[in-house]
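# Summary of structural features
Okay, here's what each chain looks like letter by letter:
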Amino acid sequence: MTSRAAIALLIAAFAASYALAQGSDDKRRSGYQDMGEALQKMQDDDSANPGMLFVQLGRQLWDKKAGSADKACADCHAIAVMKGVAARYPAIPQGADTPIDLEGRINLCRTEQQRGAPFPPEDQELLALEAWVAYQSRGEPIAPPDDPRLAPFRAQGEALFRLRRGQLDLSCAICHDDNAGKKLAGATIPQGHPNGYPVYRLEWQTLGSLKRRLRNCLFGIRAETPAWSAPDYVALELYLMQRARGLPIEVPAVRP
Amino acid sequence: MSNVLINAPKTAKSGELIELKALIMHPMETGFRPGTNGRIIPRNIIQRFVATWNGEEIFSMAFSPAIAANPFVSFFVVARQSGTVELHWTGDEGFDVKEQVAIAVG
């Protein structure tokens, strides 16, 4: 298949999945739909989307042995099994009672299975592995698990989403529910969906996690940012994933 | 570990204008930014990119610190004979990455 045909297919795939996700009264839009045409093209073209460099790096790391167990991800998982995984995280791992996000899951394998040191937040290798895993779900609709144990965490996430905070006394909902589509300085306020993460953000000039994005939003309203390890982010992500149910995973998305 | 994505046609007609696209992972550190310790982070950029077709230069460019990280280069060339296109990036801190693609011209 020529790359042009592949790109055309991909665009058709996103368009089709948006059509599927959106009944006539469904007003949800991916951040992709709020971007200019040039950025949409950059995201759609795998040879121009810089996020693909991280996907490629993740593919290399997937096969690399690490930790004192001297095992690679590939020694325990066939990559094909990762299809759909990113669409249903955060989830509660076996033997635990609190949810973790996808990067938390990867770090769990890092420490408990590979017996290596956990990756620090925004570590390039962690983001690359996460991108490689989530890339397997590209085009898959977000499908949070039915696990009833997640309900209280999701409810907590929704409460955080509606909490007014910071010196500007704003909540996520005021921007992303009530004022989505309007302008904030030069930027269009998106609906705030998590379907592209980790994303290549041009402002960052690198791939970054949903956590980093949420911290940016909090910083923007001059609110305190919870520590990287705080459970708030996973709770918020649970709510965001529920709110975005059915939207296709776009990893690696490009954002301004 | 070098990390490059190249998009080039595998085949072309003689005399056809073809586009070559290449993306490379690189921080393009400007040399003007202070790090968390307040000290300037030393410059670390790609300085030069050269493309050759069967050894003959077909395109080159000089990079500057104002170019963003993970730079993307795209250029057009007229396909004349089958062979190998070599893309070569060199820069600060001994950065030196070469990649090759074969293009059949018929």
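Residues numbered from 1 in each chain as written. Chains lettered and ligands numbered in written order. Predicted model: local features only at pLDDT ≥ 70, side-chain atom pairs only at ≥ 80, totals over all residues. Heavy atoms only, no water.

## Topic: the nonpolar core
What counts is decided by this rule: We call a set of buried Ala, Val, Leu, Ile, Met, Phe, Trp, Tyr and Cys residues a nonpolar core when their side-chain atoms join them within 4.5 Å. Each residue gets one of three labels from its accessible area relative to the maximum for its type: buried under 20%, exposed over 50%, partly exposed in between, using a 1.4 Å probe on protein chains only. Note on conventions: DSSP H or I runs of at least 4 residues are helices, E runs of at least 2 residues are strands, and numbering of each starts at the N terminus. Pairs of residues are marked as contacts when any of their non-hydrogen atoms sit within 4.5 Å.
Core analysis: the biggest nonpolar cluster contains 37 residues, and W62, L102 and L129 of chain A have the highest contact counts within it. Going through the elements one at a time, α3 (51–62), α5 (102–113) and α6 (124–135) of chain A are the ones with two or more residues in this core. Of all the elements, α6 of chain A adds the most residues to this core, at 8 residues. Ignoring anything within four residues of it in the chain, the contact list for W62 of chain A reads A72, C73, A74, H77, I79, M82, L129, W132 and V133 of chain A. Core analysis: the next-biggest nonpolar cluster, separate from the first, contains 23 residues, W53, F75, L87 and I103 of chain B among them.

## Regarding the layout of surface pockets
All names here are of chain A. As a reminder of what qualifies: A 1.4 Å probe that fits into a set of points on a 1 Å grid over the protein atoms alone but cannot get out defines a cavity; an open set with protein on both sides within 12 Å along at least five of seven lines defines a pocket, and lining residues are those with an atom within 4 Å of a point. Grid points are joined across faces, edges and corners, and a volume is the space filled by probe spheres set on the points. Gly is put with the polar residues, along with every residue not named as nonpolar or charged; the nonpolar set is Ala, Val, Leu, Ile, Met, Phe, Trp, Tyr, Cys and Pro, and the charged set is Asp, Glu, Lys and Arg.
Of the volumes computed, that of the largest pocket is approximately 1,100 Å³. In this structure, the largest pocket is lined by 37 residues; those nearest its centre are H176, T188, P190, R213 and C217. Listed by contribution, the elements that provide at least two residues to the lining of the largest pocket are α8 (172–178), β2 (187–188), α9 (210–220) and α10 (232–243). When residues of the lining of the largest pocket are assigned to their parent elements, the largest contribution, 7 residues, is made by α9. Grouping the constituent residues of the lining of the largest pocket by class yields 21 nonpolar, 10 polar and 6 charged.

## Quick notes on the side chain of Q191 of chain A
All names here are of chain A. Worth spelling out the cut-off: Two N or O atoms count as a polar contact when they lie within 3.5 Å, although within protein this holds only if one can serve as hydrogen donor and the other as acceptor, and sequence-adjacent residues are included solely when both atoms are side-chain atoms.
You can see Q191 is positioned in the loop between β2 and β3 (199–201). Taking relative accessible area as the criterion, Q191 reaches 14% and is therefore assigned buried. Of note is the side chain of Q191, whose polar atom sits 2.7 Å from the backbone nitrogen of R29. In this structure the side chain of Q191 is engaged in a polar contact, spanning 2.9 Å, whose partner is the side chain of H193. The residues touching Q191, leaving out its near neighbours within four places in the chain, are K27, R28, R29, D34, H176, A180 and R243.

## Some thoughts on the confidence of the model for chain A
Put simply, the test is: Per residue, pLDDT captures the predictor's confidence, and it can take any value from 0 to 100.
Considering every residue of chain A, the mean pLDDT works out to 93; 91% of them sit at 70 or more. Here residues 1–9 of chain A is modelled with pLDDT under 50, and outside its nearest four sequence neighbours on either side it reaches 5 contacts, counting other chains as well.

## Here's the deal with the interface of chain A and chain B
Filter applied, for reference: The term buried area denotes the loss of accessible surface (1.4 Å probe radius) that occurs when two parts are joined, taken as the sum for both partners. Think of a salt bridge as a Lys or Arg side-chain nitrogen and an Asp or Glu carboxyl oxygen that are within 4 Å of each other.
The interface is formed by 16 residues belonging to chain A together with 14 residues belonging to chain B. Both faces combined, the contact of chain A with chain B buries some 1,300 Å², and carbon together with sulfur accounts for 57% of it. When the buried area of chain A at its contact with chain B is split by residue, S47, L53 and Q205 of chain A rank highest and sum to 44% of it. Taken together, the links from chain A to chain B amount to 1 salt bridge. Measuring nitrogen to oxygen at the nearest pair gives 2.8 Å for the salt bridge that ties D45 of chain A to K21 of chain B. Considering every element that reaches the side of chain A that touches chain B, the biggest residue donor is α3 of chain A, with 6 residues. Looking at the side of chain A that touches chain B residue by residue, the classes come out as 7 nonpolar, 7 polar and 2 charged.

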